[in-house]
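# Residue-level structure breakdown
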Amino acid sequence: MGFKVAVVGATGNVGREMLNILEERGFPVSEVVALASRRSQGTEVSFGDKTLKVKALEGYDFSDTDIAVMSAGGNISKEWSPRIGKQGCVVIDNSSAFRYDPDVPLIVPEVNPDAIEGFSRKNIIANPNCSTAQLVVALKPLHDVATIKRIVVATYQSVSGAGKEGMDELFTQTRAVFVADPVEAKKFTKRIAFNVIPHIDVFMEDGSTKEEWKMVAETKKMLDPKIKLTATCVRVPVFIGHSEAVNVEFEKPITADEARDILREAPGCLVIDKHEDGGYITPIESAGEDATYISRIREDSTLDNGLNMWIVSDNLRKGAALNAVQIAELLVERGLIQPKKKAA
Ligand SMILES: NC(=O)c1ccc[n+]([C@@H]2O[C@H](COP(=O)([O-])OP(=O)(O)OC[C@H]3O[C@@H](n4cnc5c(N)ncnc54)[C@H](OP(=O)(O)O)[C@@H]3O)[C@@H](O)[C@H]2O)c1
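Reading guide: rules and limits
Residues numbered from 1 in each chain as written. Predicted model: local features only at pLDDT ≥ 70, side-chain atom pairs only at ≥ 80, totals over all residues. Heavy atoms only, no water. Disulfide = S-S within 2.5 Å. Buried < 20%, exposed > 50% of the residue type's maximum accessible area, 1.4 Å probe, protein only. Core = buried A, V, L, I, M, F, W, Y, C linked by side-chain atoms within 4.5 Å. Helix = DSSP H or I, 4+ residues; strand = E, 2+ residues; numbered from the N terminus. Domains from an automatic or database assignment. Contact = heavy atoms within 4.5 Å. Axes fitted to C-alpha atoms, helices over the stretch in contact; angles between N-to-C directions. Parallel < 35°, antiparallel > 145°, perpendicular 65-115°, else oblique. Left-handed = near helix turned anticlockwise from the far one by under 90°. Nonpolar A, V, L, I, M, F, W, Y, C, P; charged D, E, K, R; others polar. Buried area = accessible area lost by both parts, 1.4 Å probe. Salt bridge = Lys/Arg side-chain N within 4 Å of Asp/Glu carboxyl O. Polar contact = N/O pair within 3.5 Å; in protein donor to acceptor, adjacent residues only side chain to side chain.

## Description of the state of the cysteines
Inspection of the entire model under this criterion finds zero disulfides. The thiol of Cys233 is not disulfide-bonded; the next cysteine sulfur, from Cys130, is found 9.1 Å away. Looking at Cys269, it has no disulfide partner, and the nearest cysteine sulfur is the one in Cys130, 17 Å off. Residue classification places Cys269 among the buried positions, given a relative accessible area of 9%.

## What about the nonpolar core?
Formed by 54 residues in total, the largest nonpolar core has its most connected members in Phe62, Leu139, Ile151, Val246 and Met309. Among the elements that take part in this core, helix α3 (residues 130-146) stands out by supplying eight residues, more than any other. Both domains that furnish three or more residues to this core are identified here as domain 1 (3-127 + 321-333) and domain 2 (131-158 + 196-313). Among the nonpolar cores identified, the runner-up in size contains 37 residues, and Ile116, Ala324, Val325 and Leu330 belong to it.

## Points about the side chain of Ser40
Checked against the element boundaries, Ser40 lands in the loop between β2 (29-36) and β3 (44-47). With residues near it in sequence (within four places) discarded, Ser40 still touches Thr11 and Val54.

## Describing the packing of α3 against helix α6 (residues 256-265)
It is at 9 Å that the axes of α3 and α6 come closest, and there the two elements cross at 120°. When the interaxial angle is binned, α3 and α6 end up oblique. In this structure, α3 meets α6 at a crossing whose hand is right-handed. Of the residues in α6, those in contact with Ala138, Pro141, Leu142 and Val145 of α3 are Ala259, Ile262 and Leu263. Residue classes in the contact of α3 with α6 are distributed as seven nonpolar, no polar and no charged.

## Here we look at the packing of α3 against helix α5 (residues 210-222)
Here α3 crosses α5 at 40°, and the two axes come no closer than 9 Å. Classified by the angle between their axes, α3 and α5 sit oblique to one another. Seen along the crossing, α3 lies across α5 with a hand that is right-handed. For the pair α3 and α5, the contacting residues are Ser131, Thr132, Leu135 and Val136 in the first and Glu211, Lys214, Met215, Glu218, Thr219 and Met222 in the second. Residue composition of the contact of α3 with α5, by class: four nonpolar, three polar and three charged.

## Quick word on the domain arrangement of the chain
Domains assigned within the chain are domain 1 (3-127 + 321-333) and domain 2 (131-158 + 196-313). The C-alpha-based centres of domain 1 and domain 2 are spaced at 27 Å. Taken together, the contacts link 13 residues of domain 1 with 14 residues of domain 2. Contact between domain 1 and domain 2 buries roughly 1200 Å² in total, counting both sides, with carbon and sulfur atoms accounting for 66%. Ranking the residues of domain 1 by area buried against domain 2 places Tyr100, Glu110 and Val111 at the top, with a combined share of 46%. The tally of links between domain 1 and domain 2 comes to one salt bridge. Linking Arg99 and Glu218 is a salt bridge whose minimum nitrogen-to-oxygen distance equals 3.1 Å. Where domain 1 meets domain 2, there are five residue pairs in polar contact (both at pLDDT 80 or more). Among the residues forming the side of domain 1 that touches domain 2, the class breakdown is seven nonpolar, two polar and four charged.

Laid out in structure tokens, this is it:
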């Protein structure tokens, strides 16, 4: 059994990782099609040891495609995902366009796999924001045991979260600093090289940013609507890997030792927490890895049932491409999708 899979945005950061992960995990494909804008038509991307010629999304007919993984931005998704879904192709969307639509499941397979059952209403399944994905993977097993009341999180988000232009800007600015060229900021609002910027996505009326709002809305949708969350999202000069300093208040008592034991057994989690120099994870070590890493787990003595922790993951993998492929695997495992073309 093999599925025809289209990767939309195949030349981008997430799209390229998507092709890698489909291949690495041996997702059952009969054909993989790489799609991007007209600008990239005819360029080549790798899929395992094969080379795929990129086709233009515009005018592409999805009627014989089984799964389309969208990572070409919110506007492209808004325009294309409903059309693709109506052609009987299941869309797994990496953008924020449909995450808050009650008719679209928002899924992290380790957290709320059963919510996938409603996907056929629009034939669209949403992938969460990169910062939310790693947060809920680490917090769900603790919520199941001790019930989370409130989360305070500060993020340290890498520039790859802002696409390939974000990575290019960090590289170009860093080089400019070393050769004493003028430093220009285009993608980010201020210089990112040797700096941090407390602003991701647009500002909301209450002074928070859309990135911060997304963490609130998505955690409630996937984990529990009763959880209170407040976030400060910060861009840092790291190429790959988002980090989060997290303070959690629980309803029931839970010690740091108990949390470590729970997280050691939890799907998708890897605890690295030695109380010694270097006994914790940093984003550079998470790049290219699938796990959500948890370090610095400790009790917060200012709260009755409080824990602090440090959560790190590769934003292009668990934060986007890996989670999308895991969603596709869930569809197959549960028999929710059949290939349109039967094998000859
Ligand atoms: N980066 C992350 O950590 C992350 C995490 C979660 C979700 N996401 C979401 O994933 C999406 C892609 O992010 P990214 O980081 O991969 O961005 P990126 O590196 O800038 O790549 C954007 C991709 O979209 C394609 N594209 C742009 N305009 C298009 C059009 N008119 N028609 C078809 N394709 C078009 C680009 O193709 P060309 O090369 O032809 O321009 C490229 O393949 C965004 O919605 C983002 O919010 C990203």
